[in-house]
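Chain by chain, the residues:
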Amino acid sequence: MTATLDDAAQQARFDALIDADERIEPRDWMPEAYRKTLIRQISQHAHSEIIGMQPEGNWITRAPSLKRKAILIAKVQDEAGHGLYLYSAAQTLGISREEMTRQLIEGQARYSSIFNYHTPTWADMGAIGWLVDGAAICNQVPLCRASYGPYGRAMVRICKEESFHQRQGFEILLTLSRGTPQQKQMAQDAVNRWYFPSLMMFGPPDDESPNSAQSMAWKIKRFSNDELRQRFVGMLQPQFEALGLECPDKELYFDEETGRWVMSELDWEEFREVLRGNGEANAERIRHRRQAHDEGEWVREAAAAFAAKQQSAAA
Ligand code: BYC
């Protein structure tokens, strides 16, 4: 029936589904701009998961115990899984996995700014789990209700795994904080390095966020960048206390009148530089990803040959 509807009627049906909080599925008609926005956000999200494996992967061989090593391997594997669910969700919109990979390894695609920072100490694994996965959960729980079905459904499982990731990060920091004075200092230093960049994960301030209004109207995003940043800052404060660590933002206070956290100005110039490719680890991340892609070529060839063999055997 959909095929016989003219453009205006199709648009009206799409709008009605969005208004009713129903899901748009791959078979449904959708405006071209909605499709493009989803491909942009979902592919960026997938790339973030895949590039996000690197800062932690860097510590697998150096984790301080067998237990920590096993947990870290499992976490990094989960991130690969998240990348794969998300690439699959993006593929339902008509872009191929090869094209998304090409955009990433040729440096044309965005991925989260946060993965362009180095991880010099073990405490960085704690800070990434607590702050980076914590920010990710805050941003991603509302995405479970995103209007596009395959994206929302992928997010449900991802969020469950992210909760485990966040707790393991918190627990690493708690152990260090209760350890020797040097270990506690190492935890504080890592938190000092990751706190402000993790707040920038939510994206630019609302008045400089060109995509937010339309994405919210389409119910892809449910809250603005600043709203989620506020929520995250509020969530963290009792956790700082439980950890016995200090919040690096010395100017932070809660304004009872407005009901909002007033924080020091984030370094948006640093954010823009990272987005331009000039962060401390941008070049290394892409070089590493390209190398892994090249080295994996024989695996892709073998998998394709095996699939072809199975298909001809079944025919
Ligand atoms: N980094 O209009 P705006 C994880 C770009 S991985 C880089 O507000 P939008 C994990 C933005 O793309 C989780 N770029 O955009 C993995 C846009 O540029 P384009 C990653 C950013 O889309 C491993 C421009 O700035 N999470 O958890 O409405 C280990 C203007 O922004 C960033 C996601 O991907 C940034 N931080 O809102 C551990 C969540 N912020 O595309 C953990 C899904 C903004 O116009 N994505 N930009 O050239 C989203 O929720 C939204 O896309 C954003 C941005 C909130 C990020």
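In short, a report on the structure. Each residue is numbered by its place in its chain's sequence as written, counting from 1. Two thresholds apply to this predicted model, a pLDDT of at least 70 for residue-level local features and 80 or more for giving and counting side-chain atom pairs, whereas whole-chain, interface and lining totals are computed over all residues. No hydrogens and no water enter the side-chain calculation; it runs on all heavy atoms of the structure.

Quick word on the site of the ligand
Step number 1: In these notes, residues near a molecule or strand are those with any non-hydrogen atom within 4 Å of it. Within the structure, the ligand sits among 36 residues, and Gln44, Ser113, Ser209, Lys221 and Asn225 are positioned closest to it.
Step number 2: Polar contacts, as counted here, are pairs of nitrogen or oxygen atoms within 3.5 Å of one another; within protein the pair requires one atom able to donate a hydrogen and one able to accept it, and residues that are adjacent in sequence qualify only if both atoms are side-chain atoms. At a separation of 3.4 Å, a nitrogen atom of the ligand approaches a polar backbone atom of Met200.
Step number 3: Between the ligand and Ser209, the relevant distance is 2.7 Å, taken from an oxygen atom to a side-chain nitrogen or oxygen of the residue.
Step number 4: Here the ligand has 1,000 Å² of accessible area as a free molecule, and 90% of this is covered by the chains.
Step number 5: Secondary structure is summarised from DSSP: a helix means a run of H or I of at least four residues, a strand means a run of E of at least two, and numbering begins at the N terminus for each. Elements represented by at least two residues in the shell around the ligand include exactly helix 2 (32-51), helix 4 (66-91), helix 6 (123-140), helix 7 (149-177) and helix 11 (268-275).
Step number 6: Along the lines of polarity and charge, the residues of the shell around the ligand split into 13 nonpolar, 14 polar and nine charged. Here the accessible surface of atoms and residues is derived via Shrake-Rupley with a 1.4 Å probe, and residues count as covered only by protein chains that are part of the display. In this count, Pro and Cys sit with the nonpolar residues alongside Ala, Val, Leu, Ile, Met, Phe, Trp and Tyr, while Asp, Glu, Lys and Arg are called charged and the others, Gly among them, polar.

Here we look at a negative patch on the surface
Step number 1: Patches in this entry comprise residues that are over 30% relatively accessible and not in a salt bridge; like charges within 9 Å are linked, as are nonpolar side chains (Val, Leu, Ile, Met, Phe, Trp, Tyr) within 5 Å. Salt bridge, as used here: a side-chain nitrogen of Lys or Arg that lies within 4 Å of a carboxyl oxygen of Asp or Glu. Note on charges: Lys and Arg go in the positive column, Asp and Glu in the negative column, and His and the chain ends are not counted at all. A single reference atom marks each charge: NZ on Lys, CZ on Arg, CG on Asp, CD on Glu. Side chains of Asp294, Glu295, Glu297 and Glu301 sit close together on the surface and give a patch of like negative charge.
Step number 2: For the negative patch, the secondary structure elements donating two or more residues are helix 12 (282-295) and helix 13 (297-314).
Step number 3: With respect to the element layout, Glu295 can be found in helix 12.

Looking at the side chain of Ser147
Step number 1: Mapping Ser147 onto the fold places it in the loop between helix 6 and helix 7.
Step number 2: A simple rule labels every residue: compare its accessible area, found with a 1.4 Å probe on the protein chains alone, to the largest value its type can have, and call it buried under 20%, exposed over 50%, or partly exposed in between. For Ser147, a relative accessible area of 4% puts it in the buried group.
Step number 3: Throughout, a contact is declared for two residues whenever any of their heavy atoms are within 4.5 Å. Residue contacts for Ser147: discarding those within four places in its chain leaves Ile18, Glu22, Arg23, Ile24, Tyr34, Trp218, Lys219 and Ile220.

Some thoughts on the environment of Met235
Step number 1: Along the polypeptide, Met235 turns up in helix 10 (residues 225-243).
Step number 2: For Met235, a relative accessible area of 33% puts it in the partly exposed group.
Step number 3: Expressed as a C-alpha distance, the spacing of Met235 and Cys138, which sit 97 residues apart in the sequence, is 9.2 Å.

Focus: the packing of aromatic side chains
Step number 1: Pairing of aromatic side chains requires ring centres within 6.5 Å, counting the rings of Phe and Tyr and the six-membered ring of Trp. Pairs whose planes differ by under 30 degrees are stacked, by over 60 edge-to-face, and all others tilted. Within this structure, the stated rule accounts for twelve aromatic pairs.
Step number 2: Relative to Tyr34, the ring of Phe14 has its centre 4.9 Å away and its plane inclined at 75°; by these criteria the two rings are edge-to-face. With Phe14 in helix 1 (residues 7-19) and Tyr34 in helix 2, this residue pair connects regions lying 20 residues apart in the sequence. Of the two residues, Phe14 and Tyr34, both sit in the buried class.
Step number 3: Ring centres 5.0 Å apart and planes at 80° place the aromatic pair Trp130 and Phe240 in the edge-to-face group. Placement of the pair is Trp130 in helix 6 and Phe240 in helix 10, with a sequence separation of 110 residues.
Step number 4: Using a relative accessible area of 3% as the deciding quantity, one classes Phe240 as buried.
Step number 5: Put simply, the rings of Trp130, Phe170, Tyr195, Phe196 and Phe240 pair up and form one aromatic cluster.
Step number 6: Whether a charge sits over a ring comes down to the Lys NZ or Arg CZ being within 6 Å of the ring centre and within 35 degrees of the ring normal. The lysine or arginine in question, Arg62, covers the ring of Trp59, its NZ or CZ lying 3.9 Å from the ring centre.
Step number 7: The aromatic ring of Phe223 is capped on one face by Arg231, whose charged end is 4.4 Å from the ring centroid.

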